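Coordinate analysis (summary)
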Amino acid sequence: MNSNSVKAELPSRTTLWSAVTRLLRRYGLQIGIVFVGIFVWLLFLIGSPRTFLSFPIYSSFMSTTPFFALMALPLTLVIIAAEIDLSFPSIMAFGMTAFALVLTRTGNVALAFVACLLAGLFAGWLNGIIVVRVGIPSLVATLGTQFFWRGVVLVVTAGNGIGLTSTIGTVFHEGVAGRIGGLVPAQMIWTVAAAVVLWFVLNRHRFGAHVYLVGDNVESARLMGVNVERTKITVFALMGLFAAFAGFVVSEEVLYFWPTLGEGYLLNTLASVFLGGTSVFGGTGTIFGTFVASFIIGAINAGIVAAGLTGFWTNVIYGLIVVVSVSLQAVLSRKLAHS
Amino acid sequence: MDYFLQMRNISKTFGEVKALRNVNFEVGTNEIVGLLGDNGAGKSTLIKIIMGYHRPDPGGEIILKGKKVEDWSVEKARSYGIEAVYQERALADLQPLWRNIFMGREITNRFGVLDVKKMREETDRLMRTTMGFTSAAISADSLVRNMSGGERQGVAITRALYFQAEMIILDEPTMGLSLSETKKCLEFVEDIKKAGKCCIFIDHNIYHVYPVADRIVVIDRGMVAGQFYKNQVSLEELTARLYLVAQTGRLNSNGEAGAGEEPRGEL
Ligand SMILES: Nc1ncnc2c1ncn2[C@@H]1O[C@H](COP(=O)(O)OP(=O)(O)OP(=O)(O)O)[C@@H](O)[C@H]1O
Ligand SMILES: [Mg+2]
């Protein structure tokens, strides 16, 4: 009764308000993460105005954040599908091992690049097969393959790295690690492109719809005819493909492939996905959230250095971000379940 | 009679549990079949085999419109015009309504690109028509999680009716529904009959099943205990027989463990 009379008096305001609440409900997480981003940025701006008002720091963000953003984006799909992948740091190195092998034997960069992507795709696909066909929880399966592929890399390379200066001047080097217009790192363009493509795949393609359904309620999905196995295997394969590509980008940026490549990427990649609002329980998450969160994570690293703290602090903060954002999700989902 | 579906010698074993044993079962092209049986009798298992969710033990046959089916899957079953409202509803709680309606059967172009706008519009339309949702708080983007039990059921039923299925399977669709919603659901079943389609209707309440079914099949401990055409048995007789089944596993008192295929005329 009461609300009816209010509605009658203030129709425009009520509809506006309901539109706002609807938008908030639908895009709340995305809006939230943007505010977190702005907050962190203002914090740095106040703390170190000289650094954060000049372009070089942003150029440096755009060159280093893509290294893990390129993996956080596909990892978002893995986690939405209620799975996890811990093996991608090793797949980065495995892809580059394939690259190095082909390059040293043939001298053909294009062929080596294809080998790198195929190796990543294969390693990711294998994760999917182990999880789906053998039925091992992905946490354990990919922990195993993480050590396995790192071991393979070390055995094959005998622990020796290789220089990549021979790739300078090829489209492969300039294309992923050059500077567009002398300013914008090429890897940034790839990251934006990956975000757009993966957003499309997740939100506008049947495969993406199935990723959400499989992560939300795998039994319902199966009962309604979703091919759960194929969806999961594809998600893992995509992850492997992107990990190999990220490994290539990192190596081209520094023009060297170390067999330890990938170490140090697990935590910031996971932190980006969870901070971006993707639920550890599966079924929800956005590419946009992960994209923004990746840059927050990247900025935190730069901020720590700028603030004069040692790099050791980075792990403390990333670890905290993972625990806090996952805890928030747990509390929130319990609240919602009871309401 | 023309059969839409025939199942021959279907068995299903889960580890130690024999959920179904040599079941023969058929549904005519324009027939409403009521499926009755105690908890754990194997009704849901049977319909999940029809839907391609479970694979029957070797030796069983599924025949669709006179043709034996191979490599059966849910995707195939649905593409052949079979839809189901499962007992567990098969919804995805964290997804909006429109994704639930089109779960596993999204509207896409030939490259698999979703037509989100169309799916939202269709969901909106269905909400106002078939589902009869009047609450302004629910839209095509509402999460299923926030819906009441009856509303969730409405979603599952609407989804099954949407795709113009030739056969609709309803596994305890009235469970938890209010009186008026139950009535609406039973009217849906009658509409299926009128539209010349067929239906398998599972419900523990024989007062729901009896009026709408053409034939009633009783399953007991994984076996077909017997079946009746409605015109052969009154509601009172049927009730008495069901008590007998519960006590003895038999439909009639003269000792036949009715696994027979022919409806019993001697009741
Ligand atoms: N996936 C499964 N794994 C193991 N056992 C199962 C499975 N599904 C069903 N069963 C068993 O098979 C038997 C038949 O179950 P089913 O669900 O078909 O019964 P129902 O007739 O539908 O019962 P209700 O009326 O309670 O729904 C039960 O003993 C059940 O425990
Ligand atoms: Mg059942």
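Residues numbered from 1 in each chain as written. Chains lettered and ligands numbered in written order. Predicted model: local features only at pLDDT ≥ 70, side-chain atom pairs only at ≥ 80, totals over all residues. Heavy atoms only, no water.

1. What about the overall build of chain B?
The secondary structure content of chain B amounts to eight helices and 10 strands. Its C-alpha atoms give chain B a radius of gyration of 19 Å, within 12% of the compact-globule value 18 Å for 267 residues. On the principal axes, the C-alpha backbone points of chain B span a range of 60 × 40 × 35 Å. When each of the 267 residues of chain B is scored for burial, the buried share is 54%. As displayed, chain B has an accessible area near 11900 Å², and 49% of this comes from carbon and sulfur atoms. Of note, chain B has its 35 positive side-chain charges centred 4 Å away from the centre of its 36 negative side-chain charges. (Helix = DSSP H or I, 4+ residues; strand = E, 2+ residues; numbered from the N terminus. Rg over C-alpha atoms; globule rule 2.2 N^0.38 Å. Buried < 20%, exposed > 50% of the residue type's maximum accessible area, 1.4 Å probe, protein only. Areas by Shrake-Rupley, 256 points an atom, 1.4 Å probe, with all protein chains shown as cover. Lys, Arg positive; Asp, Glu negative; His and termini not counted. Charge placed at Lys NZ, Arg CZ, Asp CG, Glu CD.)

2. As for the pairing of strand β10 (residues 223–229) of chain B
All names here are of chain B. Counting buried positions along β10 gives five out of seven residues, so the element sits mostly inside the fold. Two strands pair when backbone bridges link them, and strand β9 (residues 215–220) and β10 are joined in this way by six bridges, in the antiparallel orientation. Counterpart to Asp220 in the pairing with β10 is Met223. Joining the antiparallel neighbours β9 and β10 is a turn of two residues, in which Arg221 adopts a positive phi near 45°. (Pairing = 2+ DSSP bridges.)

3. Brief notes about the UniProt feature "transmembrane region" (unreviewed entry) in chain A
All names here are of chain A. With numbering aligned to this structure, UniProt lists the feature "transmembrane region" (unreviewed entry) at residues 27–46, 58–79, 86–103, 109–135, 147–172, 184–202, 233–250 and 312–332. Helix makes up 89% of residues 86–103 and strand 0%, and the two end C-alpha atoms of the span are 28 Å apart. Annotated as 100% helix and 0% strand, the span residues 233–250 places its first and last C-alpha atoms 26 Å apart. (UniProt positions renumbered as here; feature names shortened; annotations may be inferred.)

4. Here's the deal with the sheet that holds strand β2 (residues 17–28) of chain B
Residue and element names in this part refer to chain B. Reading across from one edge, β2-β1-β4-β5 is the order of the four strands in this open sheet, with antiparallel pairing throughout. For this open sheet the edge positions go to β2 and β5 (67–68), each flanked by a neighbour on one side alone. Relative to β2, strand β1 (residues 3–14) is paired through eight bridges, and the arrangement is antiparallel. Within the sheet, the bridge partner assigned to Met7 lies in β2 and is Phe25. Helix-sheet contacts for helix α1 (residues 43–50) involve β1, β2 and β4 (61–64), and the interaxial angle to β1 is about 120°. (Contact = heavy atoms within 4.5 Å. Axes fitted to C-alpha atoms, helices over the stretch in contact; angles between N-to-C directions.)

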